[in-house]
Amino acid sequence: MTGLSDARRIVIKIGSALLVDRATGLLRGEWLQSLADDVAMLRGRGQDVVLVSSGSIALGRGVLGLGLGVLSLEQAQAAAATGQITLAAAYSEALGRHGLTVGQVLVTLEDSTDRRRYLNSRATLETLLGFGVVPIVNENDTVATDEIRYGDNDRLAAQVAVTVGADRLVLLSDVDGLYTANPALDATAVRLDQVVQITPEIEAMAGDAGSGLSKGGMKTKVMAAKTATAAGCAMAITHGARMNPVRGLEDGAAATWFVAKGDPSTARKGWIGAMKPRGRLILDAGAVAAIRQGKSLLPAGVARVEGRFGRGDPVEIVSPNEEVLAQGLTRYTSVEASLIAGHRSAEIEELLGYPGRAALIHRDDLAMLAHLE
């Protein structure tokens, strides 16, 4: 499963060195417009697109006159705060020429390690994509510290791909793929067209050398590939500096494709099903029939709540005769679930004092046991 033509959802990572001219510190406007043309092409085919973009700190350097030296954490955060405005405006203008709307999403590492934040991020991105918006995701460098930051947007892009269930991830880089050795130092180095499995030998081929304004090296790209492919998302590394880099990839530009293991939906359901449950939801017969048909679990179908759990925790889904049917990630705590159990979704606000989500467990967060599917 490689190439882009049959992809449903594509995440594209853009590094600072592609967006910002090293000599001037200014945005490479013509290149960005060519990328916007590529995104419009994908959207025109009905494919969802998420952009994971660096560049806020690099642009903010120029705004604040900080130059190219090493920045303190406080200086980097200040540069990000000023540069992010410029970056968002540039994307809005470039994609707006094609009638596309963009949305800015800033995240930190905690947003993916905490299940509640993870589900909230996922719901926001899914809603944006549902409206036809192109989300522009970046690490929230204005508040992130060394302890919680992703450290490189390759890793962030892979995590975003997992979060939104993408089936393709494209890393636009300053190299055209993974080589058997560093091609700048070894004339015999050969680029790999395809990697089916990331072995220790493959990992050993990756180096750490960064480039220009970018912090990333090949090692982080291989780490990103491990994350993405395990979640059913194929990943490509290709040279991004050329005009229309995504179209170039489609037309056969040099690249390394990492082959996915399965598909995103299967991988995600396997991940949910393997978690240790924190509680149980006992359903009525109508709700059992509904989830077996692939529908979300609504509060009205829950007869009883057992255990103590928080939002985002895994819980068992149990039939009236105590048969475990499935496992899912709950959108409510055990206390909240007990209050709304047996009630229609329209009553949630009255019962809890605030408007909540209609489903107690969304169908995308619900893994049926294999013998029942």
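Residues numbered from 1 in each chain as written. Predicted model: local features only at pLDDT ≥ 70, side-chain atom pairs only at ≥ 80, totals over all residues. Heavy atoms only, no water.

(A) How the structure looks around the sheet that holds strand β9 (residues 279-283). One open sheet accounts for 5 strands, arranged β10-β9-β11-β12-β13; its pairing is mixed. Every interior strand has two partners, whereas the edge strands, β10 (302-307) and β13 (366-368), have only one. Adjacent strand axes in the sheet meet at a mean angle of 25°, parallel and antiparallel pairs treated alike. Where β9 lies against β10, 5 bridges are found, and the strand directions are antiparallel. Across the sheet, L281 pairs through a bridge with V305, a residue of β10. Strands β12 (324-329) and β13 of the sheet are contacted by helix α11 (residues 264-273), whose axis makes an angle of about 100° with β12. (Pairing = 2+ DSSP bridges. Helix = DSSP H or I, 4+ residues; strand = E, 2+ residues; numbered from the N terminus. Axes fitted to C-alpha atoms, helices over the stretch in contact; angles between N-to-C directions. Contact = heavy atoms within 4.5 Å.)

(B) How the structure looks around the side chain of T238. Take T238: it is sitting in strand β7 (residues 234-239). Apart from residues no more than four positions distant in its own chain, T238 is found in contact with V170, L171, L172, S173, V175, D176, L249, A253, A254 and A255.

(C) Spotlight on the environment of G46. Structurally, the position occupied by G46 is in the loop between α2 (29-44) and β2 (48-53). Since its relative accessible area comes to 54%, G46 is described here as exposed. Separated by 305 residues in the primary sequence, G46 and L351 place their C-alpha atoms 40 Å from one another. (Buried < 20%, exposed > 50% of the residue type's maximum accessible area, 1.4 Å probe, protein only.)

(D) Spotlight on the sheet that holds β7. With mixed pairing, 8 strands are arranged side by side in an open sheet as β3-β4-β2-β1-β5-β7-β8-β6. Single-partner strands in this sheet number two, and they are β3 (102-107) and β6 (194-195). Pairing analysis gives 6 bridges linking strand β5 (residues 168-173) to β7, with the strands arranged parallel. Residue pairing in the sheet places L171 in a bridge with I237 of β7. Against the sheet, α2 engages β1 (9-14), β2, β4 (134-139) and β5, with an angle of about 155° to β2.

(E) Broad picture of unusual backbone geometry. One non-glycine residue, N244, lies in the positive phi region at around 50°. Along the chain, N244 turns up in the loop between β7 and α10 (245-250). In this structure N244 comes out as partly exposed when scored by relative accessible area, which is 25%. We note that E322 has phi near 70°; this positive angle belongs to a residue other than glycine. Here E322 shows up in the loop between β11 (314-318) and β12.

(F) Seen up close, the pairing of β11. For β11, the tally of buried residues reaches 5 of 5 residues, placing the bulk of the element in the interior. With 4 bridges connecting them, β9 and β11 associate as parallel partners. Residue pairing for β11: L281 is matched across the bridge by I317. Here β11 folds back onto β12, and the loop between the two strands holds 5 residues, one of which, E322, carries a positive phi near 70°.

(G) Local environment of the pattern of salt bridges. With the rule as written, the count across this model stands at 19 salt bridges. Note that R122 is salt-bridged to D365, the shortest N-O span being 3.3 Å. On the criterion of sequence distance, the pair formed by R122 in helix α6 (residues 115-130) and D365 in the loop between α14 (348-352) and β13 is long-range, its members being 243 residues apart. Residue classification places R122 among the buried residues on the basis of a relative accessible area of 9%. (Salt bridge = Lys/Arg side-chain N within 4 Å of Asp/Glu carboxyl O.)

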